[in-house]
Amino acid sequence: MALIPVTILTGFLGSGKTTLLKHILTEEHGKKIAVIENEFGEENIDNDILVQDNQENIVQMSNGCICCTIRGDLVEALNELWEQRKDKKISFDRVVIETTGVANPGPVAQTFFMDDDVADHYVLDAVVTLVDAKHGQQQLNEHEEAQRQVGFADQIFITKTDLVSPADVGALRNRLLHMNPRAPITGIFKGIVPLNAVLDLKGFNLNAKLDIDLHFLEQEDHDRANCGHDHNHDHHGHAGHIDRIQSFVFRSDKPFDHKKLEDFLGGILEVFGEKILRYKGVLYVKGSARKVVFQGVHQMMGSDLAGPWGVEPKQTRMVFIGIDLPKDTLLAGLEGCLVK
């Protein structure tokens, strides 16, 4: 039986998650979506679009979607949905989890790798993060949870862009892409988003595709030329604020020594695993005619062989997103794993 794809929808208080969810759930798309909603959210989706029996934990909607309000552990909610699906009491082919506005999405994401029952039935597709254009800069300054939500994202939507100037939107976008250069950043209006920008993003798939925002790399090259740093960029923030969550990219045309790299990555995940939120790479490894791909969340890393290099230049590209990471140390360590 195919695994059920899961999307985590996150964003700080007032970012517009519920508006986006309402758009998804009321569209005539023919998909059967189960929504797991935390009842401590700032707005309850049930009030407007569900016919609800207060005695029921799981409510069927008119268009075939369902809504489940968490009254306990996420694992229990997922297992309850699965059991009801198995017993043909309800039907759904994907799940969207709406986190509370102050939630760190990390533990939610880890659930899909750490719990065997959940991993047997569900697969994490992507983390989608909403950032409020009007209040986003202040929220990022004051709340590490807001920064974590950006760091974990596979897709970022900037909401309420009509309330601020294009220059303010541009400044926010620049800050976000330096925190997370691997997530596409899109402005949206009143929660109207194409479904294919939210669902089936395959953000956690092991593949040889590593999208890094080109503007980030251009800025990185500019920083390197002006301040003498290699592979790196300085802190980016707003009005003097330094973001604790930052990213860095490692690139090299030299091949890795597989054993050295394996030992090094194992060591840094053991020491810094809790501080590394997301990481992904397409690796050029000595002795392999095929690309090696890897990615992970905190200490949970997966790797695999991808397709052959073909005619394209062989080059390693890796991106790390984390909290207060010793970037110079990590970059030097990666350099030390290259074949001389």
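Given the structure is predicted, the values throughout are model-derived calculations rather than measurements.

Novice: Looking at this model, I keep getting lost on the overall build of the protein chain. Mind explaining?
Specialist: A count of helices and strands for the protein chain gives eleven helices and 15 strands. In the protein chain, which comprises 340 residues, the share counted as buried stands at 52%. Taking the intrachain contacts of the protein chain between residues at least 6 apart in sequence as the baseline, contacts between residues at least 24 apart amount to 76%. Accessible surface for the protein chain amounts to roughly 15,400 Å². Of this, 50% is attributable to carbon and sulfur atoms.

Novice: Hey, could you run me through unusual backbone geometry in this one?
Specialist: Outside of glycine, negative phi angles account for most residues, and trans bonds account for most peptide bonds. Non-glycine residue Lys88 carries a positive phi angle of around 60°. Within the secondary structure, Lys88 is located in the loop between α3 (74-86) and β5 (94-98). A residue is classified by how much of its surface remains accessible, and Lys88, at 75% relative accessible area, is exposed. If you check the backbone angles, Lys202 has positive phi at about 55° while not being a glycine. Turning to its location among the elements, Lys202 is positioned in the loop between β8 (185-187) and α9 (214-227). Exposure remark for Lys202: the relative accessible area of 44% places this residue in the partly exposed category.

Novice: Explain the packing of aromatic side chains to me, please; I cannot follow it from the model alone.
Specialist: Here the structure, examined in full by the defined rule, presents seven aromatic pairs. Look at Trp82 and Tyr122: their rings are 6.1 Å apart centre to centre, the planes differ by 70°, and that puts the pair in the edge-to-face class. Placement of Trp82 in helix α3 and of Tyr122 in strand β6 (residues 122-132) is noted, with a sequence separation of 40 residues between them. A single burial state applies to Trp82 and to Tyr122, both of which are buried.

Rules behind the numbers
- Residues numbered from 1 in each chain as written.
- Predicted model: local features only at pLDDT ≥ 70, side-chain atom pairs only at ≥ 80, totals over all residues.
- Heavy atoms only, no water.
- Helix = DSSP H or I, 4+ residues; strand = E, 2+ residues; numbered from the N terminus.
- Buried < 20%, exposed > 50% of the residue type's maximum accessible area, 1.4 Å probe, protein only.
- Contact = heavy atoms within 4.5 Å.
- Areas by Shrake-Rupley, 256 points an atom, 1.4 Å probe, with all protein chains shown as cover.
- Phe/Tyr/Trp six-rings, centres within 6.5 Å; stacked < 30°, edge-to-face > 60°.

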